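Read off the chains here:
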Amino acid sequence: MLTGFARAFRTPDLRKKLLFTLGIIVVYRVGTHIPIPGVNYKAVQTCVTEAAGSQGLFGLVNMFSGGALLQITVFALGILPYITASIILQLLTVVIPRLEALKKEGQSGTAKITQYTRYLTVALAILQGTGLVATARSGALFSGCTAAADIVPDQAIFNTIVMVVCMTAGTVLVMWLGELVTDRGIGNGMSILMFISIAATFPSALWSIKTSGKLAGGWIEFSTVLLVGLIMVGLVVFVEQAQRRIPVQYAKRMIGRRSYGGTSTYIPLKVNQAGVIPVIFASSLLYIPALVAQFSGGNSSWKTWVQQNLTKGDHPIYITAYFLLIVFFAFFYVAISFNPEEVADNMKKYGGFIPGIRAGRPTAEYLSYVLNRITWPGSLYLGLIALVPTVALVGFGASQNFPFGGTSILIIVGVGLETVKQIESQLQQRNYEGFLR
């Protein structure tokens, strides 16, 4: 592997791409530490220190921003508005015929959908920035902190507009940086920035486990968490790489004196076909009632029930709802992202068939049957991985201190595997040897 690294940096054009990607990462990390105007930075630092390991409802958003959300910096919203916009457009493509037609137009249609995604990202950034400023002004961003009311000392309308504009501009800049990495660097730019955001929170989370541990100065807890993390990484890599290969045979066709086709290939159906999206969907959906209860006035019975049952990660109702939502969204996303009838029609159009299965509708039914069977273990695997922070809550006292949570580990492993594959493919074009032997 070290030889592969050296070979990558000895290749001039690949070295330029790697250095360009590293430069964008440095710019992104610097932006996560620049506070926006109108914020009392000393009060923010006081509240961040007091609220360490207890981020509450904002834990997921703070993770995607690399810890910039609670610092209220220029990149406070991070890449999350773009992720949300991309997911919304992907879901609307199935519902709205116009978007579905654009998707089928090829590169021009994809460019148009990308433009819609950018517009929606700006709208979501304005909405989320306004909500973050309102939360910071009310003191609800750090519940229980004595300095929470002093975070935004000037609550004039002009100051609020300036703060929202700065965070929206930061989100647009992050989106632009991600697209630059995609065009001129290595890998998918948005995924790389998401990877960096999550990985940046690991050192502080691991060190907080060591400092708060009680066995042998915290080293036993630290070593245990590190060992569990390595085991989880191995398990996630194994499942993410697992796939069911359905053989496909293409019949020979004679055109003039030449024969075409007659090749054998396969359709790779991954065990985790939905990726990390079901976990993000389930987390976001569970945050909605808790956020509504937090900002609603009075002490009604439903508000008390939500605060008692849907805001604590170790509560049985929360665990059950979270697990069932992940399983549901796994099946839902697979159903909208993989169309067995479309695949069967394309195979029939080009003379392909699955051995032992008739072309057309029987092929679509067979693909649906196989897809449903492998989605069950994939969805259960996602649910179990996502519940690891809950186990850490019992074992170590604070789920937010456990860095190898479900969403974070799935994203890091997935992006890491994809980036290594891209580097390996570029090395094989020049040296006929891959990144890993």
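Notes on the structure follow. Fair warning: this is a prediction, and the values are worked out from it, not measured in the lab. (Residues numbered from 1 in each chain as written. Predicted model: local features only at pLDDT ≥ 70, side-chain atom pairs only at ≥ 80, totals over all residues. Heavy atoms only, no water.)

### Observations concerning the overall build of the protein chain
The secondary structure content of the protein chain amounts to 19 helices and 5 strands. Going through the 437 residues of the protein chain one by one, you find that 43% of them count as buried. (Helix = DSSP H or I, 4+ residues; strand = E, 2+ residues; numbered from the N terminus. Buried < 20%, exposed > 50% of the residue type's maximum accessible area, 1.4 Å probe, protein only.)

### Re a nonpolar patch on the surface
Where nonpolar side chains cluster on the molecular surface, the patch consists of I88, L92, V94, V95 and I96 and spans about 370 Å² of accessible area. With respect to the helices and strands, the residue V94 is situated in helix α6 (residues 80–95). Under the relative-accessibility criterion, V94 is labelled partly exposed at 44%. (Patch = residues over 30% accessible without salt bridge, like charges linked within 9 Å, V, L, I, M, F, W, Y side chains within 5 Å. Areas by Shrake-Rupley, 256 points an atom, 1.4 Å probe, with all protein chains shown as cover. Salt bridge = Lys/Arg side-chain N within 4 Å of Asp/Glu carboxyl O.)

### A word on the pattern of salt bridges
Note on pairing: side chains with opposite charge can pair once their charged atoms come close. As enumerated under the stated definition, the model contains 4 salt bridges in all. The shortest N-O distance in the salt bridge between E179 and R118 comes to 2.9 Å. Separated by 61 residues along the polypeptide, E179 in helix α9 (residues 157–184) and R118 in helix α8 (residues 107–138) bring together distant segments of the chain. Overall, the relative accessible area of 27% leaves R118 in the partly exposed class.

### Details of helix α17 (residues 361–386)
With 26 residues, α17 should cover 38 Å at 1.5 Å per step; its first-to-last C-alpha distance of 36 Å lies within 8% of that length. Along α17, the sharpest change in direction is near 25° and occurs at T375; proline P377 comes one to four residues later. (Expected span 1.5 Å × (residues − 1). Bend = angle between axes of the 7 residues up to and from the residue.)

### Some details on the side chain of T160
Relative to the assigned elements, T160 resides in helix α9. Not counting chain neighbours up to four residues away, the residues in contact with T160 comprise V133, R137 and Q155. (Contact = heavy atoms within 4.5 Å.)

### A closer look at the packing of helix α15 (residues 316–337) against α17
At a minimum axis separation of 9 Å, α15 and α17 run at an interaxial angle of 145°. At the point where α15 passes α17, the crossing takes the right-handed sense. Across the interface between the two elements, Y322, F323, I326, V327, A330, F331 and V334 of α15 pack against L371, N372, T375, W376, S379, L380, L382, G383, L384 and A386 of α17. In terms of residue class, the contact of α15 with α17 is built from 13 nonpolar, 4 polar and no charged. (Axes fitted to C-alpha atoms, helices over the stretch in contact; angles between N-to-C directions. Left-handed = near helix turned anticlockwise from the far one by under 90°. Nonpolar A, V, L, I, M, F, W, Y, C, P; charged D, E, K, R; others polar.)

### Overview of the packing of aromatic side chains
Inspection of every chain in the model, using the stated rule, returns 7 aromatic pairs. With a centroid separation of 6.4 Å and 75° between ring planes, the pair formed by F329 and F332 is classed as edge-to-face. Taken together, the positions of F329 and F332, both in helix α15 and 3 residues apart, correspond to about one turn of that helix. With a centroid separation of 4.8 Å and 65° between ring planes, the pair formed by F331 and W376 is classed as edge-to-face. Placement of F331 in helix α15 and of W376 in helix α17 is noted, with a sequence separation of 45 residues between them. (Phe/Tyr/Trp six-rings, centres within 6.5 Å; stacked < 30°, edge-to-face > 60°.)

### Points about the sheet that holds strand β1 (residues 243–250)
Read across the sheet, 3 strands follow the order β4-β1-β5 without closing on themselves; strand pairing throughout is antiparallel. Of all the strands in the sheet, the pair left with one neighbour each is β4 (264–270) and β5 (352–353). In this structure, β1 lies alongside β4, joined through 7 bridges in antiparallel fashion. Residue pairing in the sheet places V248 in a bridge with T265 of β4. Along the sheet, α17 contacts β1 and β4; its crossing angle with β1, the most-contacted strand, is approximately 165°. (Pairing = 2+ DSSP bridges.)

### A short note on helix α2 (residues 12–31)
Compared with the 28 Å implied by 1.5 Å per residue over 20 residues, the 29 Å span of α2 between its first and last C-alpha is a close match. Burial in α2 covers these residues: L14, L18, T21, I24, I25, Y28 and G31. Taken down its axis, α2 places every buried residue within 145° of arc, on the same side. Residues of α2 that are exposed and angled more than 90 degrees away from the buried face: K16 and V26. (Arc of directions from axis to C-beta.)

### Quick look at the nonpolar core
The biggest cluster of nonpolar side chains holds 64 residues, and the ones touching the most others in it are L269, V279, Y322 and L410. In terms of residues, this core owes the most to one element, α17, which gives 8 residues. Beyond its immediate stretch of four places on either side in the chain, L269 contacts Q243, R244, I246, F338, V370, L371 and I374. (Core = buried A, V, L, I, M, F, W, Y, C linked by side-chain atoms within 4.5 Å.)

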